[in-house]
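Topology and contacts: notes
Chain by chain, the residues:
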Amino acid sequence: MRDFLPADKARRERVLAVIRERYRAHGFDEIETPVVEDYAKLHAGIGGDNEKLAFNLLRRGLDADGIRAAAEDPAALSDLGLRYDLTVPLARFYATHRGELPTVFRSIQIAPVWRAERPQKGRYRQFVQCDIDIIGDATARAEAELIVASLDTLDALGLTGGSIRINDRRVLDGMLDGFGFTGDERPGVLITIDKLDKIGPDGVIAELAERGATADAVAAFGEFLRRPQTREFLPYGEAQIRRALPEGAADDVVAHLVGIGEAAAAARGGADEIPLVFDPFLVRGMGYYTGTIFELAHPSVEYSLGGGGRYDGMIGRFLGQDVPAVGFSIGFERIVDLVPDAADAGASAVVLVHDRDVPVAELVALKAALVADGARVRLEQRTKNLKALLERAASDGYTSFATVAAGTPRDAVELKPLS
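The sections below set out a description of the structure shown in this document.

The rules behind these values
Residues numbered from 1 in each chain as written. Predicted model: local features only at pLDDT ≥ 70, side-chain atom pairs only at ≥ 80, totals over all residues. Heavy atoms only, no water. Pairing = 2+ DSSP bridges. Helix = DSSP H or I, 4+ residues; strand = E, 2+ residues; numbered from the N terminus. Contact = heavy atoms within 4.5 Å. Axes fitted to C-alpha atoms, helices over the stretch in contact; angles between N-to-C directions. Salt bridge = Lys/Arg side-chain N within 4 Å of Asp/Glu carboxyl O. Buried < 20%, exposed > 50% of the residue type's maximum accessible area, 1.4 Å probe, protein only. Expected span 1.5 Å × (residues − 1). Arc of directions from axis to C-beta. Phe/Tyr/Trp six-rings, centres within 6.5 Å; stacked < 30°, edge-to-face > 60°. Core = buried A, V, L, I, M, F, W, Y, C linked by side-chain atoms within 4.5 Å.

The pairing of strands in a sheet comes from backbone hydrogen bonds and takes either a parallel or an antiparallel form. Within the open sheet, the four strands sit side by side as β13-β12-β14-β15. Their pairing is mixed. In this open sheet, the two edge strands, each paired with only one partner strand, are β13 (376–381) and β15 (416–417). Pairing of strand β12 (residues 349–354) with strand β14 (residues 400–404) involves five bridges; the strand directions are parallel. Looking at the pairing, V353 lines up with T403 of β14. Here helix α16 (residues 386–395) sits on the sheet in contact with β12, β13 and β14, set at roughly 160 degrees to β12.

As structure tokens, this is what we get:
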């Protein structure tokens, strides 16, 4: 968990303002949910490994004897917890307010979440997520809207050239069934497959064998990974998808993936501008995904900048009936440091450096006049080291300064750049 100095906070807010504006431009509406949720909802088996990282709140009123008696049962010790993502709160929110929401609901959530991570570079215990979700639409239109809005947001932040790696958990599950992996070994197999880009086919096959996965299934999967492949370029579409999969892939799932690409291409400028790359081994760790899954890639970095997927079964846990839902989250902490620096557009930011003897009434009146003209204004009493004062102001985002003596009228204030 981190503190942010003024310059860092201003940068983060500028990036968040762009994200909000782009999301709203694409028809999404912002909601807010509490930072705490019921323990039972946060630990309902739908949050994957993140449930193990939740910060739980001790029940009120427990005395020492009560704590000792409940020590072996986390649910008896805690009835609330800090949210570890924004998807579980959204599912609870929708189940609570469904009657007040449109049939197809497009939501924005931009807020901090908490996980008991081991602190290290790039991993924080408190961090901001920027989510957009569409609830109530089972068609490819929902995924296409999320993809287009996310890429448009990346472009608006100056990070052009982004693309989406895409897969479908139904395709992946069907592939593993076809190779002969059992349902019990599926979670471990997916964890290993998720390392394919790091350890390669030989490493994946070796690790699966070490896990004790079904030998025939491991052999069949290894044969598939090492199969001869031609090198010709195939644009995203049915031919590329089927080429990447074993024979017998479900026609309806392939058609859904193709439809997403067609819609995204139309929005991005045509058939030559499909920003999708089919990856049959994209896994994504969350256990609640039921269909399409995707990750946001950018050529400037090797890691993903966001991701999401379809979770049609989650809301049913809260509502008692399944509702189609799909979401996309931009990794704010990852992109904020990549966004090019840019001065705030529009208003100027002025430091008024005044002598000690300038009357307070004059200073406040002069500041108020500049603020009324649309400027951001800070008052600073002159110091012996004026250079250091101005350098600090520049680091805080101020763009100009003026020196003020007693009796200086508004029209006599001469602004000078801080650069």
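The structure having been displayed, the exposition proceeds.
With the rule as written, the count across this model stands at 32 salt bridges. Close ionic contact of R12 with E333 constitutes a salt bridge, the shortest N to O distance being 2.9 Å. Here R12 is found in helix α1 (residues 6–25), whereas its partner E333 is found in helix α14 (residues 332–335), with 321 residues between them in sequence. Its relative accessible area of 13% is what places E333 among the buried residues. Among the ionic pairs, E380 bridges to R392, the shortest N-O distance being 3.4 Å.

Within strand β9 (residues 292–297), five of the six residues are buried, which leaves the element mostly enclosed by the surrounding structure. Across six bridges, strand β7 (residues 163–168) lies against β9 in antiparallel orientation. Of the residues in β9, the one forming a bridge with N167 is I293. Here four bridges tie β9 to strand β10 (residues 306–310), and the two strands are oriented antiparallel to one another. In the sheet register, E295 faces β10, and the bridge partner there is G307.

A few words on helix α15 (residues 360–372). Compared with an ideal rise of 1.5 Å per residue, which puts 13 residues at 18 Å, α15 spans 18 Å between its outermost C-alpha atoms and is within 8% of the ideal. Restricting attention to buried positions, one finds in α15 the residues L363, L366 and L370. One face of α15 carries all of its buried residues, which in axial projection span an arc of 70 degrees. Facing away from the buried side of α15, by more than 90 degrees, are the exposed residues V360, A361 and A372. In this structure, the buried side of α15 is in contact with β12, β13 and β14. The first or second residue beyond α15 is G374, which carries a positive phi of 105 degrees.

In space, the three strands of this open sheet follow the order β2-β4-β3, with antiparallel pairing throughout. Strands at the two margins of the open sheet, each flanked by one partner only, are β2 (36–38) and β3 (56–58). Adjacent strand axes in the sheet meet at a mean angle of 40 degrees when their direction is disregarded. For β2 and strand β4 (residues 78–82), the ladder comprises three bridges, and the chain directions are antiparallel. Across the sheet, V36 pairs through a bridge with L82, a residue of β4.

Our next topic: the packing of aromatic side chains. Applying the stated criterion across every chain yields a total of seven aromatic pairs. Considering the side-chain rings of F179 and F224, the 5.6 Å spacing of their centres and the 50 degrees angle between planes classify their relative orientation as tilted. With a gap of 45 residues between them, F179 in helix α7 (residues 169–179) and F224 in helix α10 (residues 215–225) connect regions that are remote in the sequence. Ring centres of F294 and F328 lie 5.2 Å apart, and the angle between their planes is 10 degrees; this geometry places the pair in the stacked category. Placement of the pair is F294 in strand β9 and F328 in strand β11 (residues 325–330), with a sequence separation of 34 residues. Of the two residues, F294 and F328, neither departs from the other in class, the shared state being buried. Each member of the aromatic cluster is reached from another via a ring pair, and the members are F179, F181, F221, F224 and F281.

Residues I19, C130, I147, F181 and F221 are the most contacted members of the largest nonpolar core, which totals 68 residues. At eight residues, the largest contribution of residues to this core is made by helix α6 (residues 140–156). Ranked by size, the runner-up nonpolar core spans 21 residues in total, among them Y84, F93, Y288 and V323.

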